[in-house]
Structure formats: structure tokens, C-alpha cells
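Descriptive structure summary
Take a look at the letters that make up each chain.
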Amino acid sequence: MSEFSGHLQKMAARAVPSESGADSCADRCADRVQYDLILDQQAIPLTPFIGKTIRLEYVGDIHCCHCGRKSKKSFGQGYCYPCFSKLAQCDSCMMSPEKCHFHLGTCREPEWAKQVCFNEHIVYLANSSGVKVGITRATQVPVRWLDQGATQALPVARVATRKQSGLIEDCLRQDIADKTNWRAMLKGNAEAVDLEAERDRLFDLFSPQLNSIIANENPGDIELLYDTAAYAFEFPVEQFPAKITSFNLDKNPLVEGKLEGIKGQYLILDSGVINIRKFTSYSVSVSFS
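1. Topic: the overall build of the protein
The helix and strand tally for the protein stands at 7 helices and 14 strands. By the compact-globule yardstick of 19 Å for 289 residues, the protein fits well, its C-alpha radius of gyration being 20 Å. Seen along its three principal axes, the alpha-carbon backbone of the protein occupies a region of about 60 × 50 × 30 Å. The buried share among the 289 residues of the protein stands at 46%. Positive and negative charge centroids in the protein, built from 32 and 35 side chains respectively, lie 9 Å apart.

If you want it as C-alpha cells, here you go:
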């Protein structure tokens with residue numbers, strides 16, 4: 001039996017190139033996704049434990065992922081309430097970047113924003129439970145797609161700021177979704193889609209709006225990507241659940257069952273699924289047998 005303990009963090013996901021050579025694939029070969037469970041600073045490779053029994057128990061402590069303060073409740077995936085209320089990374093504009101208010105002088109942490117929001121971002125199409133549009137910092141490619149359980153992804157625009165990515169996303173989501181249906185994502189892999197064709201359709205549909213956004217920004221800040229190739233990912237899942245039952249550590253501190261797969265930020269057990277990211281900062285003990 002292997003035993004570990006610590007505070008949960010978002011699982012670390014990485015894409016490993018397929019062993020098949022690119023020349024043998026009609027399109028880009030699917031990269032295999034591997035996961036580590038992160039407890040404090042300890043990384044535990046999870047893929048070798050698929051097929052084994054996992055026992056995860058919440059031991060009753062929550063410590064803020066930013067300041068370390070002990071908290072009775074987690075806010076915004078791992079923060080205590082004071083941090084949730086004052087940190088720029090917890091502001092509503094992080095979820096809706098087109099509503100950025102930095103230029104009004106009301107940003108919670110201007111220096112933090114200069115480092116995070118005023119750098120290269122990517123607008124993308126992804127296929128997790130169907131085609132959606134999303135944004136991410138360029139440094140988070142392809143991690144953002146793996147966290148969403150996307151089996152396909154395609155960058156469609158490169159921009160200089162987070163707000164600009166939000167403006168383009170806000171335009172494109174008039175026609176396609178901007179959220180993942182997590183239940184559908186966990187029931188199986190979405191049917192493959194020609195993302196390049198979908199990109200071309202959206203660019204044509206919203207050409208006037210996109211051109212207007214570009215014209216109102218600094219020259220060179222926004223680049224629409226017409227020639228990028230789609231990424232494909234294969235998640236380590238032996239068995240998808242026929243019915244989705246989710247664990248909630250606040251209601252039941254014990255999660256136990258056979259680990260049948262990992263997709264997005266979810267562990268898939270024969271007894272249910274658990275969103276690890278939702279319980280960031282929870283102190284747990286974990287064992288595999």
C-alpha cells in the first residue's frame with residue numbers, strides 16, 4: 001500500500017507525444033495525457049495507479065492557497081475569504097476579461113495585473129463536450145486544454161493582453177459555447193470535429209466585428225491565426241461512467257473506489273467522480289492499494 005498526505009492542489013497535467021511517428025499519422029497524433037496528484041509540494045504520479053483502489057479522506061483542515069491562513073470554508077477554489085475579497089486573481093474580470101477595469105484605476109493589484117494580464121494570451125477552440133471557445137495565457141498551452149478534458153484544441157488568435165482575448169471570446173461565443181459540460185465530458189470523448197473548418201466559419205461569420213476589435217487596439221496587438229494545426233489528446237481512462245455521481249468532501253469526507261481514469265481535473269472511480277480542483281487547499285490523506 002502507498003500512503004500520502006497533504007493539502008490538495010490542482011492536478012499537474014502534461015501531454016506526452018505519441019510514440020508513433022508523425023509521418024504515420026494522417027493528422028497530428030494524439031498526445032497521451034499524464035497526471036500527478038499534488039499534495040503541498042509533493043507530486044505523486046497517478047497514471048500507474050489506474051486500476052488500483054484509491055482511498056482519499058478529508059481530515060478537516062483547510063489552509064488558504066495564497067496566505068496559508070486556516071479557514072472553515074474555501075472560496076474560489078482554495079482561498080480564504082479575505083484573500084478572495086482582495087486579490088486581483090479572484091476578481092470577476094478574471095472570468096470575464098472583457099470587463100477589465102485596469103484603465104479606470106480600480107484594479108485590486110495593478111502590479112500583479114501588469115505581470116499576468118498584460119502579456120501574450122491565446123484565444124482557442126476546444127472540443128471537450130462539444131466545441132467551445134476559451135482563452136488562456138500563452139504559457140498555459142496546452143495545460144489549460146488538459147484541465148478542461150479537451151480531446152482537441154486549436155489556437156485561433158494571439159493577443160497582447162487578457163482584455164483583448166476577452167473581447168474576441170465575447171464575440172465568438174455569440175455562436176458557440178464558452179463552457180464545458182462536465183457531465184458530458186466525463187461520459188466519454190466528444191465526437192471529433194474539424195476545428196480548422198470551424199475556425200474559418202467563425203472568422204467569416206464575425207469578420208466585421210473582429211476587424212472592428214483589431215482596429216480599436218494597438219497595431220500588431222491582435223493576430224488572427226489562420227494556419228495553425230489542431231492538437232489532439234488521449235486521456236488515461238479505462239472505463240467511462242454510465243452515470244455521473246460526484247463526491248463532495250464537505251458532505252462526505254471519504255472517497256473510495258477503483259480508479260478507472262482521469263480526465264480534466266476529475267478522478268473517475270467505479271463509485272463516482274471527484275473534481276480535485278474544487279477542493280484545493282483541503283488537507284487529505286490518500287492511499288492506493
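2. Thoughts on the environment of Glu 120
Tracing the backbone through its elements, the reader meets Glu 120 in the loop between α2 (110-116) and β6 (121-127). Judged by relative accessible area, which is 38%, Glu 120 ranks as partly exposed. Sequence spacing of Glu 120 and Ala 160 is 40 residues, and the spatial spacing of their C-alpha atoms is 4.6 Å. If sequence neighbours within four positions are ignored, Glu 120 has contacts with Arg 137, Ala 138, Arg 158, Val 159 and Ala 160.

3. Overview of the pattern of salt bridges
One pass over the structure, following the stated rule, counts 16 salt bridges. Here Arg 173 ties to Asp 178 by a salt bridge, and the two come within 2.9 Å at their closest N and O atoms. Given a relative accessible area of 25%, Asp 178 falls into the partly exposed group. Close ionic contact of Asp 200 with Arg 199 constitutes a salt bridge, the shortest N to O distance being 3.1 Å. For Arg 199, a relative accessible area of 4% corresponds to the buried category.

4. Quick word on unusual backbone geometry
Omega for the peptide link from Val 141 to Pro 142 comes to 5 degrees, which places this bond in the cis form. When you line up the elements, Pro 142 lands in the loop between β7 (131-137) and α3 (143-147). Backbone geometry at Asp 40 places phi at a positive 55 degrees, although glycine is not the residue there. Note on placement: Asp 40 falls in the loop between β3 (31-39) and β4 (42-45). Residue Ser 281 is not a glycine yet carries a positive backbone phi of 85 degrees. Looking at the element boundaries, Ser 281 is found in the loop between β13 (272-275) and β14 (282-288). Residue Ser 281 is classed as buried on the basis of its relative accessible area of 3%.

5. Quick word on the sheet that holds β13
Ordered in space as β1-β14-β5-β11-β12-β13, the 6 strands form an open sheet in which the pairing is antiparallel. Edge positions in the sheet fall to β1 (2-7) and β13, since each of these pairs with one other strand and no more. On average, adjacent strands in this sheet sit at an angle of 35 degrees to one another, irrespective of strand direction. Across 4 bridges, strand β12 (residues 266-269) lies against β13 in antiparallel orientation. Within β13, the position partnered with Ile 268 by the bridge is Val 273.

6. Brief notes about the packing of helix α6 (residues 195-205) against helix α7 (residues 207-215)
Between α6 and α7, the shortest axis-to-axis distance is 5 Å and the interhelical angle comes to 75 degrees. Between α6 and α7, the interaxial angle falls into the category roughly perpendicular. On α7, the residues that touch Phe 203, Asp 204 and Leu 205 of α6 are Ser 207, Pro 208, Gln 209 and Leu 210.

Cut-off values and rules
- Residues numbered from 1 in each chain as written.
- Predicted model: local features only at pLDDT ≥ 70, side-chain atom pairs only at ≥ 80, totals over all residues.
- Heavy atoms only, no water.
- Helix = DSSP H or I, 4+ residues; strand = E, 2+ residues; numbered from the N terminus.
- Rg over C-alpha atoms; globule rule 2.2 N^0.38 Å.
- Buried < 20%, exposed > 50% of the residue type's maximum accessible area, 1.4 Å probe, protein only.
- Lys, Arg positive; Asp, Glu negative; His and termini not counted.
- Charge placed at Lys NZ, Arg CZ, Asp CG, Glu CD.
- Contact = heavy atoms within 4.5 Å.
- Salt bridge = Lys/Arg side-chain N within 4 Å of Asp/Glu carboxyl O.
- Pairing = 2+ DSSP bridges.
- Axes fitted to C-alpha atoms, helices over the stretch in contact; angles between N-to-C directions.
- Parallel < 35°, antiparallel > 145°, perpendicular 65-115°, else oblique.

Honestly, that's just the spatial picture; any functional story needs more than this.
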